[in-house]
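# Residue-level structural notes
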Amino acid sequence: MLNLIRMDFYRLKHSNAFITMLILTAATAFLHILALWYFSDVLLKGLGDSDEIIIGYGLSSLGINILGGKELGEILSFCMSGFFPIMYSVLLTGIFCGAEYKNGFLKNISGLYPSRSKLIISKFAVIGFQTFIIFTVYAVAVILFSVIFWFGNCRIDNFPQILGFIFVKMLLCFTLSALVQFFCVLTRGGALGITMGMLISCGVFGIFGTGLNIMVAMATRSTGFDIFYFTIKGMADKMKFDAPGKDMLWGILVAVVYTTLFTFFSILLMKKKEIR
Amino acid sequence: MDCILATNGVTKRYGNRNVVNTVSINVCKGDIYGLIGKNGAGKTTLLKMICGHSTLDAGEISLFGKAGKEAAEFLPKIGSLIERPGIYPAMSAEDNLKMKCLASGINQPEIINQILSIVGLGEVGKKPVGIFSMGMKQRLGIAMALTGYPELVILDEPINGLDPGGIAEVREVIRSLNQKLGITFVISSHILEELSKISNRYGIIENGVLLREMTTQEISMAGRTRIELKTNDIQKACTILQSAGLKSLNVTEEGVIQIFDRVIDSGDITMTLSLGGIKVREIIVKTDTLEDYFLQLTEKSQ
């Protein structure tokens with residue numbers, strides 16, 4: 001297993017995609033902060049007496065602490081509320097895992113690991129590493145550019161809370177990567193995995209969840225049920241900087257359950273499928 | 001000799017079709033085993049099952065004397081090149097081999113250059129594999145199979161895409177690794193002339209069925225010897241030969257008279273025909289090649 005992990009890290013080190021994603025991640029963080037800073041005056045005026053302004057169709061809200069560039073935790077939470085950097089991470093997973101099948105390299109090593117489960121499990125080390133690196137680069141870049149743009153105005157109110165928030169978000173991103181790996185095994189390539197990963201991280205399937213929520217609400221005449229508490233992307237979206245502790249724990253539980261399931265099915269498929 | 005690979009009634013089904021049907025082959029230590037068959041005969045599928053790339057629907061495979069789940073433990077002792085080489089195009093040949101070494105737990109950096117030199121890729125440097133020619137990729141695929149010098153190497157159509165010089169080089173590499181290191185090879189190919197130059201045992205497969213398994217000696221003994229001659233008058237020559245007591249005659253479309261009677265000497269034929277006023281333009285004694293034998297066998301099976 002350790003040999004496989006070493007092999008995967010060697011490939012990651014020589015991967016152009018990894019470097020590209022890191023550059024894209026930092027560039028996205030820069031553009032995010034630049035846009036916030038540039039429009040902050042206009043948006044601050046728009047706030048009026050209110051503490052926050054809703055943007056888009058309720059996709060996100062901008063508070064006084066963000067627009068003033070004051071609280072880094074909230075800025076980070078805002079910048080991570082969309083599909084960045086999750087999308088980059090799952091994209092990289094699709095490219096990385098898919099390449100092994102697409103190029104047929106798996107044939108060279110599958111015989112070394114007859115049980116095949118190690119071929120799946122070992123990938124988690126590299127997936128976890130690249131998720132961690134992408135999130136770290138994004139978080140550091142967001143904080144760094146915030147400090148640069150709002151020089152002297154920034155503060156961190158609750159550092160452990162920031163770490164907790166990033167950790168859960170990262171864990172959910174890791175789960176999404178496990179799903180992408182499952183699609184790579186299923187199709188013996190990266191195309192479907194990358195597409196699904198991108199669609200999910202962009203929230204395209206959210207429309208079905210919303211539809212289901214409406215149907216359940218109509219059937220039960222109650223709005224207590226929310227399917228997004230049971231989906232990876234739904235929970236990733238719910239993870240805010242100031243999310244309650246029970247939501248954070250629920251997020252971890254969702255991540256663990258789904259990761260276990262995707263791993264189990266990936267191993268099952270890997271054992272059954274012919275290696276080409 | 002020790003049998004290091006044996007398949008016992010191995011069967012693989014795709015849908016309702018048996019692509020490999022109760023095949024039993026035996027490969028001994030030190031063999032260069034040639035698996036012969038037309039395209040689609042089931043060679044690759046059989047090799048995939050041996051390498052553990054594909055599951056069996058029936059039968060059993062023994063590796064190094066162990067069968068069933070115990071045999072799977074010996075899969076790391078097999079190096080293989082099945083169908084196309086599995087390589088990362090953006091990486092160099094050295095990096096690709098390094099990856100295989102890392103996965104295999106081989107910590108001898110010198111082995112990479114050694115193997116690249118063996119397959120004739122010692123000078124490629126850091127060029128990405130993606131710009132390699134087909135033949136170079138094939139050589140790299142062979143290098144991947146040889147990494148760690150496994151005890152058994154399975155090569156599926158290894159000379160595909162190689163130029164004549166490359167074919168000869170690969171042949172020599174196989175021969176030398178077999179003789180010097182005692183590596184056993186199983187090679188599938190439909191280029192029988194090449195296979196016949198290095199193999200000592202053969203398995204002939206047709207429509208998923210193993211028709212026969214035999215050694216080089218057995219093939220040359222089974223191969224028919226014939227006399228082939230060209231004359232200025234085919235019809236008259238045949239009449240003279242038949243009246244001289246020769247029964248097994250055949251005239252090909254190209255006008256070559258084939259004589260299969262073993263008793264007769266080529267000198268006697270020339271003399272008999274000369275006495276009958278026939279001019280012999282060409283006369284040769286021919287023995288069936290592996291290809292001839294394969295064609296006879298597959299024709300019979302149909």
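These lines cover the structure that appears in this document, whether it is placed above or below.

Parameters at a glance
- Along each chain, the written sequence defines residue order, and numbers are assigned to residues from 1.
- Just so you know, chain letters begin at A and ligand numbers begin at 1, following the order they were written in.
- Restriction of local features to residues with pLDDT of at least 70 applies here, the model being predicted, together with a cutoff of 80 or more for giving and counting side-chain atom pairs; totals for whole chains, interfaces and linings are based on all residues.
- For side-chain calculations, the full set of non-hydrogen atoms in the structure is used, while hydrogens and water are omitted.
- By definition in these notes, contact holds between two residues if any of their heavy atoms fall within 4.5 Å.
- Summed over both partners, the accessible area lost on bringing two parts together, with a 1.4 Å probe, is the buried area.
- For this analysis, a polar contact is any N or O atom pair within 3.5 Å, provided that within protein one partner can donate a hydrogen and the other can accept it, and provided that sequence-adjacent residues contribute only side-chain to side-chain pairs.
- The numbering of helices and of strands both runs from the N terminus, where a helix is a DSSP run of H or I of at least 4 residues and a strand a run of E of at least 2.
- Polar here means any residue outside two lists: the nonpolar Ala, Val, Leu, Ile, Met, Phe, Trp, Tyr, Cys and Pro, and the charged Asp, Glu, Lys and Arg; Gly therefore counts as polar.
- One requirement defines pairing of two strands: DSSP has to find at least two bridges between them.
- Each axis is a line fitted through C-alpha atoms, and for a helix only the stretch in contact is used; angles between axes span 0 to 180 degrees, taken between their N-to-C directions.
- Here, nonpolar core means buried Ala, Val, Leu, Ile, Met, Phe, Trp, Tyr and Cys residues that are tied together by side-chain atoms lying within 4.5 Å of each other.
- Here the term buried applies to any residue with accessible area under 20% of the maximum for its type, exposed to any over 50%, and partly exposed to those in between, with areas from a 1.4 Å probe on protein chains only.
- Put simply, a disulfide is two cysteine sulfurs that come within 2.5 Å.
- With a 1 Å grid laid over protein atoms only, a set of points is called a cavity when a 1.4 Å probe fits there but cannot get out and a pocket when it is open yet has protein on both sides within 12 Å along at least five of seven lines; lining residues have an atom within 4 Å of a point.
- Grid points are joined across faces, edges and corners, and a volume is the space filled by probe spheres set on the points.

Our next topic: the interface of chain B and chain A. Often, the extent of an interface is quoted as the loss of accessible area upon association of its parts. Contacts between the two partners involve 31 residues from chain B and, on the opposite side, 28 residues from chain A. For the pairing of chain B and chain A, the buried interface totals around 2500 Å² over both sides, and the portion due to carbon and sulfur atoms is 55%. Among the residues chain B hides against chain A, the three largest losses belong to His 53, Tyr 88 and Leu 102 of chain B. Together they make up 27% of the total. Across the chain B-chain A interface, the total number found is 11 residue pairs in polar contact (both at pLDDT 80 or more). Contributions of two or more residues to the side of chain B that touches chain A are made by helix H1 (43-51) and helix H3 (93-104) of chain B. The biggest single contributor to the side of chain B that touches chain A is H3 of chain B, with 8 residues. Classifying every residue of the side of chain B that touches chain A gives 15 nonpolar, 10 polar and 6 charged.

The pairing of strands in a sheet happens through backbone hydrogen bonds and is either parallel or antiparallel. Residues and elements named next belong to chain B. Here 4 strands make up an open sheet; going across it, the order is S13-S14-S12-S15 and the pairing antiparallel. At either margin of the open sheet sits one strand with a lone partner, and together these are strand S13 (249-251) and strand S15 (280-287). With strand direction ignored, the average angle separating the axes of adjacent strands in the sheet is 20°. Bridging between strand S12 (residues 225-231) and S15 involves 7 bridges; their strand directions are antiparallel. The partner of Ile 227 across the bridge, within S15, is Val 285. Along the sheet face, helix H10 (residues 266-275) touches S12, strand S14 (257-259) and S15 and points at about 155° away from the line of S15.

Now for the nonpolar core. Membership of the largest hydrophobic core comes to 129 residues, with the highest contact counts inside it found for Ile 109, Ile 166 and Leu 172 of chain A together with Leu 140, Leu 146 and Phe 185 of chain B. Among the elements that make up this core, the one with the highest residue count is helix H8 (residues 159-187) of chain A (16 residues). Once residues within four sequence positions are removed from consideration, Leu 172 of chain A is found in contact with Ile 232, Met 235, Ala 236, Met 239, Gly 251, Val 254 and Ala 255 of chain A. Among the nonpolar cores identified, the runner-up in size contains 28 residues, and Val 20, Met 49, Ile 50 and Leu 75 of chain B belong to it.

A few words now on the state of the cysteines. All names here are of chain B. In total, this model carries 0 disulfides over all chains according to the counting rule given. Not engaged in a disulfide, the cysteine Cys 28 finds its nearest cysteine sulfur in Cys 3; these two sulfurs lie 5.1 Å apart. The class of Cys 28 is buried, set by a relative accessible area of 15%.

Turning next to empty space enclosed by the protein. Residue and element names in this part refer to chain B. Going through the model one piece at a time under the given rule, you end up with 3 cavities of 30 Å³ or more. As a volume, the largest cavity reaches approximately 80 Å³. Pro 158, Ile 159, Val 170, Arg 171, Ile 174, Ile 187, Ser 189, Glu 194, Leu 195 and Ile 198 together form the lining of the largest cavity. Among the secondary structure elements, those contributing two or more residues to the lining of the largest cavity are helix H6 (164-180), strand S9 (184-189) and helix H7 (192-198). Here the residues of the lining of the largest cavity sort into 7 nonpolar, 1 polar and 2 charged. In this structure, the second largest cavity spans a volume of roughly 50 Å³. Lining the second largest cavity we find Ile 118, Val 119, Gly 120, Arg 139, Ile 142, Glu 169, Val 170 and Val 173. For the lining of the second largest cavity, the elements supplying multiple residues, two or more each, are helix H5 (134-146) and H6.

Moving on: the environment of Ala 191 of chain A. Residue and element names in this part refer to chain A. Note on placement: Ala 191 falls in helix H9 (residues 191-201). Note on Ala 191: relative accessible area 57%, which makes it exposed. Separated by 92 residues in the primary sequence, Ala 191 and Ala 99 place their C-alpha atoms 9.8 Å from one another.

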